[in-house]
Amino acid sequence: MNAVVSPPASPIAVLIVDDEAPARARLRDVLADIATELPNEVVAEAENGLVALGMIAAHKVDVALVDIRMPTMDGIEFARHLSQLEKPPAVIFVTAYDAYAVQAFELSALDYLLKPVRFTRLLAALRKLPQQPSLSKAQLARLPQAARSHLSCHERGRLLLIPVAAIIYLKADLKYVTVRTREREFLVDESLTHLEEEYRDLFVRLHRSVLVARDAIIGFARSGADDADTQWQAMLRDVAERLPVSRRQWPLVKSLVRRSGV
């Protein structure tokens, strides 16, 4: 009786994300060195998280090797956007900052590689992939992070990125938040309170369910509604819609925008 021969496993599809070309080249070389023990293929490279998200949409990726500190979009923000996907690739962070990485990643039970990346360490990390769960939002929230440059939403099977600089206002809507830009609205699965904390220097609360970009306010008008709690409305750049300002928030909103010259 002939023995049944299992077909060879497909190579691991790898995305390399690092803003430094020599660092990407180093990872390619080490991946080539371990290919005889663990077949792999570099399907794409990116110089920052924003470009990498586009690569995820264009390629099948099993694992992303991601630098932490990068311009435009860093590695942690990239991973936070990936968590919006139904089946995100695994993420292994790569960093030159031992003191920065070790405590954070061990606390969150995520793997990381220290530069320069070693053969044995990369091989051990990649061998965890079949058992390695996707990054959870709770894990990512425990990592050191700066304010995101983009928000993201999952719409009709696509991951859409919304530049924070383009947002005019954020409005709580049941379990979602409506994000308004000049062009259109988006729904994001976020907490308005958390967004206020993350972007307190960019947005101001008009009332309990709305944050508006400070630089989007171009003036105020008396409210025509018979509502004692909202005597004023904020006029906004690029959209005709006016947003009510609660009596409680009015002194703060007025003082903040006056400082900015409105």
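Just above sits the structure.
**As for the packing of helix H1 (residues 21-34) against helix H5 (residues 119-127)**
Part 1 of the reasoning: In the contact formed by H1 and H5, the axes pass within 10 Å of each other and the chain directions differ by 75°. With respect to each other, H1 and H5 are oriented roughly perpendicular. In this structure, H1 uses Val30, Leu31, Asp33 and Ile34 to contact H5, whose residues at the interface are Phe119, Leu122, Leu123 and Leu126.
Part 2 of the reasoning: In terms of residue class, the contact of H1 with H5 is built from seven nonpolar, no polar and one charged.

**Considerations on the environment of Val210**
Part 1 of the reasoning: Following the sequence through the fold, Val210 ends up in strand E12 (residues 210-213).
Part 2 of the reasoning: By relative accessible area, which is 1% here, Val210 ends up buried.
Part 3 of the reasoning: Between the alpha carbons of Val210 and Lys171 there is a distance of 4.5 Å; along the sequence they are 39 residues apart.
Part 4 of the reasoning: Sequence-distant contacts of Val210, that is, excluding residues within four places in its chain, are made with Leu170, Lys171, Leu192, Val204, Arg205 and Leu243.

**Here's the deal with the environment of Val117**
Part 1 of the reasoning: Within the fold, Val117 resides in the loop between strand E5 (112-114) and H5.
Part 2 of the reasoning: Counting along the chain gives 87 residues from Val117 to Val30, while the straight-line C-alpha distance between them is 7.7 Å.
Part 3 of the reasoning: Once residues within four sequence positions are removed from consideration, Val117 is found in contact with Arg26, Leu27, Val30, Val94 and Leu122.

Reading guide: rules and limits
- Residues numbered from 1 in each chain as written.
- Predicted model: local features only at pLDDT ≥ 70, side-chain atom pairs only at ≥ 80, totals over all residues.
- Heavy atoms only, no water.
- Axes fitted to C-alpha atoms, helices over the stretch in contact; angles between N-to-C directions.
- Helix = DSSP H or I, 4+ residues; strand = E, 2+ residues; numbered from the N terminus.
- Parallel < 35°, antiparallel > 145°, perpendicular 65-115°, else oblique.
- Contact = heavy atoms within 4.5 Å.
- Nonpolar A, V, L, I, M, F, W, Y, C, P; charged D, E, K, R; others polar.
- Buried < 20%, exposed > 50% of the residue type's maximum accessible area, 1.4 Å probe, protein only.

So far we have only geometry, and geometry alone does not tell us how the molecule works.
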